[in-house]
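Below, each chain spelled out in residue letters.
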Amino acid sequence: MAGRRPRHRPAHTQDTGSGLTASTSARTAPTLDQDPLNTSPALPDIVWADPAREQAFDRWLAAAAVSHGLLAPSLRPASSDASFRRYFRVDAKGGATYVVMDAPPPLEDVRPFVDIASRLMRAGLNAPRIVEQDCVNGFLLLSDLGTNLYLNELLSAQAARDEGAITALMRDAIAALVTWQRHGDATGLPPYDDALLRRELALFPQWCVHREYGVTWSEAQQRIWASACDCLVASALAQPQVAVHRDYMPRNLMVCAPNPGILDFQDAVCGPASYDPACLLRDAFISWDEAHELDWAVRYWEAARKSGVPLSDDFGEFWCQLEWMGLQRHLKVLGIFCRLKHRDGKPKYSEDLPRFFNYAHKVATRYAPLRPLAGLLEPLMGVQRSVAFY
């Protein structure tokens, strides 16, 4: 079949949950292999829809192979994600491996990835090194951070009740996040401003409320929604503004040395300091009890303030900011997951809608200005509120 490469040994391909942003076809991520290499012949080959792009890739890879000792016939799928990007792994002489990003223009632009990778490395953090780049055609050759995904390690440790392993991984992730906020260069990054925050929030009524559930809000309900959005946006804009990864969660972190390896950073912005901590503590694919969340939030808050990140002196105020920032993100993600299902034909993400509804509802019911929002969420969650009068 044209465009198929049966000579390549295929590896397991997973659809990851990266790119959860309103500005792209949703979130979140080069979580390179999520399982060790599997060479079963039943798994798919690399397929190219565009023969001209395949030829351009072959020419680029051939040149890179000469420069870096790549073994081109070993090229195999590593992962795909929720955007139009996909990733391959290729062996090199001497036993090294590299990762190849295929990000077709104009649907994708690799230049932000190249830029943020450089900023992370200048901050002393572990991000993929750009070995070769063709930004015009959207091809990158990257150093390989391995296949040991943070999410898998945390899920295994959680199942085994291995608090030591969980603590070590989360403390490393928190330390790296503090380094990013303190030393990451936010100069020239897009601002996480009023317009962007509201565009993201608008995904929830458009794709989740209306498209997924077929619900049309009354004028009174729309006023409740607008008031909640005003609260969340005001809280975000009042916070210290730092470099924001924008999807700093275990599915975008790798267990490696130095730990962690950081991926899926191409949508970085300059925005609220609580955003990345909220991503880490209230994740799309793993949940923690509030005792863990509070412990890690306190550790982050203390370390960040000590390093010079200008957070509030009052942890209670910071915790409120984190919860409200997390609510903004979770409402956005509810919209994005429904958009992936209905627009992009990727229904798997919608399986996690209950987790995000629970996150959002818990926060909305906790704070008086947001409680009316809980009344908008409950019918979608299948919850019937009963009001008692005494």
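How each quantity is defined
- Residues numbered from 1 in each chain as written.
- Predicted model: local features only at pLDDT ≥ 70, side-chain atom pairs only at ≥ 80, totals over all residues.
- Heavy atoms only, no water.
- Helix = DSSP H or I, 4+ residues; strand = E, 2+ residues; numbered from the N terminus.
- Buried < 20%, exposed > 50% of the residue type's maximum accessible area, 1.4 Å probe, protein only.
- Areas by Shrake-Rupley, 256 points an atom, 1.4 Å probe, with all protein chains shown as cover.
- Axes fitted to C-alpha atoms, helices over the stretch in contact; angles between N-to-C directions.
- Parallel < 35°, antiparallel > 145°, perpendicular 65-115°, else oblique.
- Left-handed = near helix turned anticlockwise from the far one by under 90°.
- Contact = heavy atoms within 4.5 Å.
- Nonpolar A, V, L, I, M, F, W, Y, C, P; charged D, E, K, R; others polar.
- Phe/Tyr/Trp six-rings, centres within 6.5 Å; stacked < 30°, edge-to-face > 60°.
- Lys NZ or Arg CZ within 6 Å of the ring centre and 35° of its normal.
- Expected span 1.5 Å × (residues − 1).
- Polar contact = N/O pair within 3.5 Å; in protein donor to acceptor, adjacent residues only side chain to side chain.
- Salt bridge = Lys/Arg side-chain N within 4 Å of Asp/Glu carboxyl O.
- Core = buried A, V, L, I, M, F, W, Y, C linked by side-chain atoms within 4.5 Å.
- pLDDT = per-residue confidence, 0-100.
- Pairing = 2+ DSSP bridges.

Draft legend 1. Looking closely at the overall build of the protein. The secondary structure content of the protein amounts to eleven helices and eleven strands. In the protein, which comprises 390 residues, the proportion classed as buried is 55%. Carbon and sulfur atoms form 54% of the exposed surface of the protein, whose accessible area is close to 16,000 Å².

Draft legend 2. Molecular detail of the packing of helix α10 (residues 353–366) against helix α11 (residues 371–381). Running from amino to carboxyl end, α10 crosses α11 at an angle of 150°, the nearest separation of the two axes being 8 Å. The pairing of α10 with α11 is recorded here as roughly antiparallel in orientation. Seen from above, α10 lies across α11 with left-handed handedness. Contacts between α10 and α11 involve Phe357, Asn358, Ala360, His361, Ala364, Thr365 and Arg366 on the former and, on the latter, Arg371, Leu373, Ala374, Leu377, Glu378, Leu380 and Met381. Across the contact of α10 with α11, the residue classes tally to eight nonpolar, three polar and three charged.

Draft legend 3. Layout of the packing of aromatic side chains. Scanning the model with the defined rule gives 22 aromatic pairs in all. The interplanar angle of 75° and the centroid separation of 5.9 Å between the aromatic rings of Phe57 and Phe88 together place this pair among those described as edge-to-face. With Phe57 in helix α1 (residues 51–68) and Phe88 in strand β4 (residues 86–91), this residue pair connects regions lying 31 residues apart in the sequence. The buried category is assigned to Phe57, whose relative accessible area is 0%. Ring centres 5.6 Å apart and planes at 45° place the aromatic pair Trp217 and Trp225 in the tilted group. We classify Trp217 as buried; its relative accessible area is 11%. The class for Trp225 is buried, based on a relative accessible area of 10%. Three or more aromatic residues joined by ring pairs make a cluster, and in this case those are Trp48, Phe57, Trp60, Phe88 and Phe139. Here the guanidinium or amino end of Arg246 rests over the ring plane of Tyr192, the centre of that ring lying 5.1 Å away. Over the face of the ring belonging to Phe285 we find Arg251, whose NZ or CZ atom lies 4.3 Å from the ring centre.

Draft legend 4. Representation of helix α9 (residues 315–342). Here α9 is 28 residues long and its end C-alpha atoms lie 40 Å apart, about the 40 Å a rise of 1.5 Å per residue gives. The opening residue of α9, the one whose side-chain oxygen lies 2.8 Å from the backbone nitrogen of Gly316, is Asp314.

Draft legend 5. The environment of Asp230, seen in detail. With respect to the helices, strands and loops of the structure, Asp230 is situated in helix α6 (residues 219–237). A C-alpha to C-alpha distance of 9.5 Å links Asp230 and Asp194, two positions 36 residues apart in sequence.

Draft legend 6. Focus on the pattern of salt bridges. Applying the stated criterion to the full structure yields 27 salt bridges. Residues Arg299 and Asp295 are paired through a salt bridge, measuring 3.3 Å at the closest nitrogen-oxygen approach. Within this pair, Arg299 and its partner Asp295 are both found in helix α8 (residues 290–307), separated by four residues, close to a single helical turn. On the basis of relative accessibility, which here comes to 35%, the residue Asp295 falls in the partly exposed class. Here the residues in one salt-bridge network are Arg282, Glu290, Glu293, Glu323, Lys362 and Arg366, joined through shared partners.

Draft legend 7. Molecular detail of the nonpolar core. Residues Phe204, Trp225, Tyr300, Leu331, Phe337, Leu370 and Leu373 are the most contacted members of the largest nonpolar core, which totals 108 residues. Ranked by residues supplied to this core, first place goes to α9 with 14 residues. Contact partners of Trp225, with chain neighbours within four places excluded, come to Leu201, Phe204, Pro205, Trp217, Leu331, Leu373 and Leu376. Core analysis: the next-biggest nonpolar cluster, separate from the first, contains 18 residues, Trp60, Val90, Val100 and Leu141 among them.

Draft legend 8. Local environment of the confidence of the model for the protein. On average, the protein scores 88 in pLDDT, and the residues at 70 or more come to 86%. Taken as a whole, residues 4–43 scores under 50 in pLDDT and shows 173 contacts with residues more than four places along the chain or in a different chain.

Draft legend 9. Inspection of unusual backbone geometry at higher detail. Here the residue pair Ala257 and Pro258 is connected by a cis peptide bond, since its omega of -5° sits within 30 degrees of zero. With respect to the helices and strands, the residue Pro258 is situated in the loop between β9 (253–254) and β10 (261–262). At Arg161, a position not held by glycine, the phi torsion is positive, near 55°. Along the chain, Arg161 turns up in the loop between α3 (150–160) and α4 (163–183). Residue Asp264 is not a glycine yet carries a positive backbone phi of 55°. As for its position among the elements, Asp264 is in the loop between β10 and β11 (269–272).

Draft legend 10. Summary view of the pairing of β4. Taking burial as the measure, the six residues of β4 include six buried ones, the bulk of the element. Here β4 shows a buried face lined by Arg86, Phe88 and Val90 and a second buried face lined by Tyr87, Arg89 and Asp91. Where β4 folds back on strand β5 (residues 97–102), the antiparallel hairpin that results is connected by five residues, among which Gly94 adopts a positive phi of roughly 90°.

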